[in-house]
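One-letter residues, chain by chain:
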Amino acid sequence: EACKGVNGAWLRVIVEIAPKCFLGCPDLCAPMSALADDWMANASHSSLRQRVCAQEDKFMCLFSSGNKAHCKSLLDRGLHFGIPLPRTASELREHCAANVTNGTTTSTATAT
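Residues numbered from 1 in each chain as written. Predicted model: local features only at pLDDT ≥ 70, side-chain atom pairs only at ≥ 80, totals over all residues. Heavy atoms only, no water.

Undergrad: What exactly am I supposed to notice about the overall build of the chain here?
TA: What the chain contains, in helices and strands, is seven helices and zero strands. Counted from the first residue to the last, the chain has its helices and strands arranged as α-α-α-α-α-α-α. The buried share of the chain, taken over its 112 residues, is 38%. By sequence separation, contacts in the chain at least 24 residues apart represent 60% of the contacts at least 6 residues apart. Accessible surface for the chain amounts to roughly 6,300 Å². Of this, 53% is attributable to carbon and sulfur atoms. (Helix = DSSP H or I, 4+ residues; strand = E, 2+ residues; numbered from the N terminus. Buried < 20%, exposed > 50% of the residue type's maximum accessible area, 1.4 Å probe, protein only. Contact = heavy atoms within 4.5 Å. Areas by Shrake-Rupley, 256 points an atom, 1.4 Å probe, with all protein chains shown as cover.)

Structure, rendered in C-alpha cells:
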C-alpha cells in the first residue's frame, strides 16, 4: 500500500490518482500530504513553490526514468485543478533555482 502510515486529509485522494507513483517515490508521501493540505487551505502559489523547493530532491523522484510514466497522471491531475507543479526535472530545477535567487526559500537542494 502506497504511503502507509502517512496521514493527511487529502493524501489518500492523491495516492488513488497514481498509486504506483507513490510506491516508486515513498519519500514523497509526507511532503505531498503537507503540500496538499496547505494548498486546500490556502491555494497559495508562493507557499506551494516554497514547499516543493524545500524538498526538491523528494519531488525530483516524480521525473526519474522509473517513475515518470507512473507519475504523469498525478501531474496531469494537478494541472487540471490549477495546481502549478513543474512538469519536468529541468523545470523543477529552474523553478527552485529561481526561488533561491529571489530569496523565497532557503533550499539549496540540487538534483542529480
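Undergrad: How do you make sense of empty space enclosed by the protein when you look at a structure like this?
TA: To locate leftover empty space, one rolls a probe as large as a water molecule over the atoms. Per the counting criterion, the structure on display carries one cavity of 30 Å³ or more. Looking at the largest cavity, its volume works out to about 30 Å³. A per-class count over the lining of the largest cavity returns seven nonpolar, no polar and no charged. (1 Å grid on protein atoms, 1.4 Å probe; cavity = no way out; pocket = protein on both sides within 12 Å on 5 of 7 lines; lining within 4 Å. Points joined across faces, edges and corners; volume = space filled by probe spheres on them. Nonpolar A, V, L, I, M, F, W, Y, C, P; charged D, E, K, R; others polar.)

Undergrad: Explanation requested: the environment of Ala 69 in the structure shown.
TA: Looking at the element boundaries, Ala 69 is found in helix H6 (residues 68–80). Taking the C-alpha atoms as reference points, Ala 69 and Cys 21, 48 residues apart in sequence, are found 8.2 Å from one another.

Undergrad: Before we go on, may I ask you to explain H6 in this structure?
TA: Because an α-helix packs 3.6 residues into every turn, residues spaced three or four apart end up facing the same way. An ideal rise of 1.5 Å per residue puts 18 Å on 13 residues; H6 measures up with 18 Å between its terminal C-alpha atoms. Buried residues along H6 sit against helix H1 (11–17), helix H2 (19–24) and helix H3 (29–42). One or two positions beyond H6, positive phi appears at Gly 82, with a value near 80 degrees. (Expected span 1.5 Å × (residues − 1).)

Undergrad: Looking at this structure, how should I read the pattern of salt bridges?
TA: Two side chains bearing opposite charge may form a pair once their charged atoms approach each other closely. Inspection of every chain in the model, using the stated rule, returns four salt bridges. A salt bridge links Arg 51 to Asp 38, with the shortest nitrogen-to-oxygen separation between them at 3.4 Å. Taken together, the residues span a long stretch of sequence, with Arg 51 in helix H4 (residues 45–54) and Asp 38 in helix H3 at a distance of 13 residues. With relative accessibility at 13%, the residue Asp 38 sits in the buried group. Its salt-bridge partner being Lys 72, residue Asp 76 comes within 2.8 Å of it at the nearest N-O pair. (Salt bridge = Lys/Arg side-chain N within 4 Å of Asp/Glu carboxyl O.)

Undergrad: I tried to follow the nonpolar core on my own but got confused; where do I start?
TA: Note on soluble globular proteins: their nonpolar side chains tend to be buried together. In this structure, Phe 22, Met 32, Phe 59, Leu 62 and Leu 74 are the most contacted members of the largest nonpolar core, which totals 31 residues. Of all the secondary-structure elements, those providing two or more residues to this core are H1, H2, H3, H4, H6 and helix H7 (89–101). At five residues, the largest contribution of residues to this core is made by H3. Apart from residues no more than four positions distant in its own chain, Met 32 is found in contact with Ile 14, Phe 22, Phe 59 and Leu 74. (Core = buried A, V, L, I, M, F, W, Y, C linked by side-chain atoms within 4.5 Å.)

Spatial relationships are all this shows, so hold off on functional conclusions.
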